[in-house]
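Spelled out, the chains give:
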There are 2 protein chains.
Amino acid sequence: MNSDASRRRDVTVADVARAAQVSKAQAARALGNYGAVSDDVRVRVLAAAEELDYRPNELARSMNTGKSHTIGVVVGDIENPHFGLATRGITDTAKRSGFNVILINTDEDTGAEIDAVRVLLDKRVDGLIVAPASSVETQHLRRVYESGRPLVLLDRKAPGLDVHTVAVDMEGISHDSTTYLISAGHRRIAFISTLKTVGPYWDGMQLDSSQISDRRDGMKRAFVEAGLEVPDDLIRLNAGDAESIKKITRELLQRPDPATAIIASDGLIGLSVVEAIQELDLSIPQDVSFLMYDDFAWTRLTTPPLTVIAQPVYDMGVAAAEALIRQVEGRKMPAADPAFMAELIRRGSVAAPKAIDVGH
Amino acid sequence: MNSDASRRRDVTVADVARAAQVSKAQAARALGNYGAVSDDVRVRVLAAAEELDYRPNELARSMNTGKSHTIGVVVGDIENPHFGLATRGITDTAKRSGFNVILINTDEDTGAEIDAVRVLLDKRVDGLIVAPASSVETQHLRRVYESGRPLVLLDRKAPGLDVHTVAVDMEGISHDSTTYLISAGHRRIAFISTLKTVGPYWDGMQLDSSQISDRRDGMKRAFVEAGLEVPDDLIRLNAGDAESIKKITRELLQRPDPATAIIASDGLIGLSVVEAIQELDLSIPQDVSFLMYDDFAWTRLTTPPLTVIAQPVYDMGVAAAEALIRQVEGRKMPAADPAFMAELIRRGSVAAPKAIDVGH
DNA sequence: CCTAGGATTGAGACCGGACTCACATCGATT
DNA sequence: AATCGATGTGAGTCCGGTCTCAATCCTAGG
């Protein structure tokens, strides 16, 4: 009774028009729901389309509307729940507005990011959301901006680029949490990040990531305000895989003048740090205090539950997508970027250090 | 010195051709690197393209090659690290072969999945990877198959659909781990899943998800082999958000005839189950044994570390992408789907139940 | 010196929709 | 009955590439 559906070529408006005995233009109008179409024609065309199982070719449609209803999202690592959640916020919002998402993972490599941006531009996405690997190397982002296609940055800022940016106030929360540690009695506070740099950290070093840079500044301000000096020797960058993080952790805790508190720059790092601490048979917070960025659910399950810095990641994804789509649709942006606030959630991993050595 | 780059309209082959003083056809050939082009023309065209900062419009290209070099990926929840990792395997592999990924999240809703598939088909993706929400409602998948576009299933099977499927042998691992619990002395073994069904579980009930269905079968076989009966009253489906999972956990542990071991169907569920157990002030494994699917890194950090069923999720993502791309490129598939094996990783969350009541 | 055959080249069709424009149609206005 | 504005309608162009095909160029063989 029903015709064989699996034709080689796709059904096109022309096919539908022929079946409905009308011109291609009329069929297109009826199908696309635009222009003037008589009821008679509309009914016939729709029936024919149904019968033939017609599906519009979005590629062709995009080509002459100039809109692809697709946004490109470039993140460092979707495997990281931080980005997973942000991506979820983005895709949920995009879907709600009828947009699709092309996702590209850069592995935090600027080269890959440059490629990603180029590819997305070539695919004529309507806009881009990028979590830039570097806040310094931003030529490719500038090119997006100049191409006229909307761009929204997520998580990290790019100084000098006049682009809507969705990020939390890192300097502030870093300051506050460092102050929290200092007032608990800590002086030897370590900070571990995977940010890649050419050499080891030194005071005043330029940091490619605005996120890390801001955190450093916040720490510094907290120490200065307390009349103390930042323990630069405990700021450890270039952490890599789990093993290298554990190695760094061991070094920090087994040196003559060990760290009494460790701040992990994200949840993935924190995981390995905690594991290393456990392997050393040290306990948190008796032997060492611990604090990490990212409020992953599992931080409530460890003994003790971990004190973390929670960021409204999902909401930030939503905000980024909303801002982007607003721009794509030509609506104006609010003048200022809304500031998202991170929150220090005190659970049980911070206590006074074993032996308080108030230097001076 | 340099011309103003930010033109309104994009630069096209026609523009390049004009600048290079050759025909559009020749410019296209030089740019697309096909057909016969003299060195002279090639050099001029490439120089002009460089000068004008020409970038091909992939949409237009896709339209008449029929290939979009894009694959669609439909998953239930990227926020779930399980899918995050699988997605990572897919995107890594896709990138390596020059493919892009359009990601759509369905929230495990079949309706959303149907839409997703339709949208991706309309966008003329070269192929699809789907982690189907239901193993029963698969009309939309059948339609993909019939449309001639390659399709690969991930995680869950769809009986009756002759499609390459990348999944682990759930029946086997479920049987083995249940046997492990039984031999540790457990009889009251609970199983919690978020699978939605119309009513509560009963023996022989048809389960929409092949994954859950296979696990049930494996459990059943283990019990039967041990000459025991499956405690159907402890199989709890329709778990939802964290709160509902906790509620179910409490019910299981506070009933007159409580569960002595709980199996969580995935890492997200496991998280809430463990949290609920902690909130009840019960300890694992003294008061209740615990086992969960998904070997998330944090399971090593809890006290005790959790016994889990590890699945090679990343590799499965890679395999799915490779299989799909192989089909897209017209190469034949190996006859059989390679079987991925899950592995029971015994850490510390399973022990003998408090009071062994060997019913008989 | 003439010519066959491969290398080049440009004109134009085509992919599948959206959209412009000129040309009906038709009821309503006066 | 002539006129006018509001639909309806179909032919054909365009988007930005790819690709076919016939015409033109060259160069070596005869």
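Parameters and conventions
Residues numbered from 1 in each chain as written. Chains lettered and ligands numbered in written order. Predicted model: local features only at pLDDT ≥ 70, side-chain atom pairs only at ≥ 80, totals over all residues. Helix = DSSP H or I, 4+ residues; strand = E, 2+ residues; numbered from the N terminus. Rg over C-alpha atoms; globule rule 2.2 N^0.38 Å. Buried ≥ 20, exposed ≤ 12 C-beta atoms within 10 Å, placed from the backbone. Contact = placed C-beta atoms within 7 Å. Least-squares fit on C-alpha atoms with pLDDT ≥ 70 in both. Near = placed C-beta within 6 Å. Nonpolar A, V, L, I, M, F, W, Y, C, P; charged D, E, K, R; others polar. Axes fitted to C-alpha atoms, helices over the stretch in contact; angles between N-to-C directions. Parallel < 35°, antiparallel > 145°, perpendicular 65-115°, else oblique. Left-handed = near helix turned anticlockwise from the far one by under 90°. Domains from an automatic or database assignment. Core = buried A, V, L, I, M, F, W, Y, C linked by C-beta atoms within 7 Å. Pairing = 2+ DSSP bridges.

S.K.: In this structure, what is going on with the overall build of chain A? I would like to understand it.
M.R.: Helix and strand content of chain A: twelve helices and eleven strands. The C-alpha atoms of chain A give a radius of gyration of 27 Å, which is well past the 21 Å a tight globule of 360 residues would have. Once the C-alpha set of chain A is aligned to its principal axes, its extents read approximately 95 × 45 × 30 Å. The buried share among the 360 residues of chain A stands at 49%. Once local pairs closer than 6 in sequence are excluded, the contacts in chain A between residues at least 24 apart make up 70%.

S.K.: Is there a simple way to think about the relation of the copies chain B and chain A in this case?
M.R.: Note on the chain copies: they are related by a rotation about an axis and a translation along it. If you rotate chain B by 180° and push it 0.1 Å along the axis, it lands on chain A with an RMSD of 0.1 Å. Look at the turn and shift together and you get a two-fold axis relating the two. The overlap is high: 100% of the interface residues of chain B also sit at the interface in chain A, so the same surface is used on both sides.

S.K.: Mind showing me how you'd approach the protein's contact with DNA strand D here?
M.R.: As a matter of local geometry, DNA strand D sits amid 29 residues, with Ser 23, Ala 25 and Ser 38 of chain A together with Asn 57 and Ala 60 of chain B nearest to it. Of all elements in the fold, only helix H2 (24-32), helix H3 (39-52) and helix H4 (58-65) of chain A together with helix H2 (24-32) and helix H4 (58-65) of chain B reach the threshold of two or more residues within the surface near DNA strand D. The greatest single-element share of the surface near DNA strand D, amounting to five residues, is contributed by H4 of chain B. Residues that form the surface near DNA strand D fall into these classes: 14 nonpolar, ten polar and five charged.

S.K.: Please clarify how the packing of helix H5 (residues 81-96) of chain A against helix H12 (residues 313-328) of chain A should be interpreted in this entry.
M.R.: Geometry of a packed helix pair, given as the angle between the helix axes and the separation of the axes. Residue and element names in this part refer to chain A. Interhelical geometry of H5 versus H12 gives an angle of 40° and a closest axis separation of 7 Å. Relative to H12, the element H5 lies oblique. The hand of the H5/H12 crossing is right-handed. Residue-level contacts link His 82, Leu 85, Ala 86, Thr 87, Arg 88, Gly 89, Ile 90, Asp 92, Thr 93 and Ala 94 of H5 to Val 313, Tyr 314, Asp 315, Met 316, Gly 317, Val 318, Ala 320, Ala 321 and Glu 322 of H12. Residues that form the contact of H5 with H12 fall into these classes: ten nonpolar, five polar and four charged.

S.K.: Got a minute to help me understand the domain arrangement of chain A in this structure?
M.R.: Often the size quoted for an interface is simply the accessible area lost on bringing the parts together. Residues and elements named next belong to chain A. The domain boundaries assigned to chain A delineate domain 1 (13-56), domain 2 (68-167 + 313-328) and domain 3 (170-310). Taking only C-alpha atoms, the centre of domain 2 and the centre of domain 3 are 28 Å apart. At the interface, nine residues of domain 2 touch nine residues of domain 3. Here the residues of the side of domain 2 that touches domain 3 sort into two nonpolar, four polar and three charged.

S.K.: Honestly, the nonpolar core in this entry has me stumped. Any pointers?
M.R.: The tendency in soluble globular proteins is for nonpolar side chains to be buried as a group. Core analysis: the largest hydrophobic core is formed by 178 residues, its most contacted members being Ile 129, Ile 262 and Ala 320 of chain A together with Ile 129, Ile 262 and Ala 320 of chain B. In this view, Ile 262 of chain A contacts Ala 190, Ile 192, Thr 249, Leu 252, Val 273, Val 288 and Phe 290 of chain A; residues no more than four positions away in its chain are not counted. Formed by 14 residues, the second largest nonpolar core is a distinct cluster that contains Val 16, Ala 17, Ala 27 and Leu 31 of chain B.

S.K.: Looking at this structure, I do not really get the protein's contact with DNA strand C. What am I missing?
M.R.: As a structural note, the neighbourhood of DNA strand C is formed by 29 residues, with Gly 32, Asn 57 and Ala 60 of chain A together with Ser 23 and Ala 25 of chain B the closest of them. The element best represented in the surface near DNA strand C is H4 of chain A, accounting for five residues. Residue composition of the surface near DNA strand C, by class: 14 nonpolar, ten polar and five charged.

S.K.: Would you mind going over the sheet that holds strand E11 (residues 343-345) of chain B with me for this structure?
M.R.: Across a sheet, strands are paired by hydrogen bonds formed along the backbone, either parallel or antiparallel in direction. Residue and element names in this part refer to chain B. In space, the six strands of this open sheet follow the order E7-E6-E8-E9-E10-E11, with mixed pairing throughout. Each edge of the open sheet is held by one strand with a lone partner, namely strand E7 (235-236) and E11. Note: strand E10 (residues 307-310) against E11, three bridges, orientation antiparallel. Note on E11: the bridge partner recorded for Val 308 is Ile 345. Taken strand by strand, helix H10 (residues 242-254) contacts strand E6 (189-192), E7 and strand E8 (261-264), and its axis lies near 165° from that of E6.

S.K.: What am I meant to see in the interface of chain B and chain A here?
M.R.: Contacts between the two partners involve 42 residues from chain B and, on the opposite side, 42 residues from chain A. Listing elements by their share of the side of chain B that touches chain A, those giving two or more residues are H4, helix H5 (81-96), strand E2 (100-105), helix H6 (110-122) and helix H11 (267-279) of chain B. One ladder, built from two bridges, connects strand E2 (residues 100-105) of chain A with E2 of chain B; its direction is antiparallel. Residue pairing for E2 of chain B: Ile 102 of chain A is matched across the bridge by Ile 102 of chain B.

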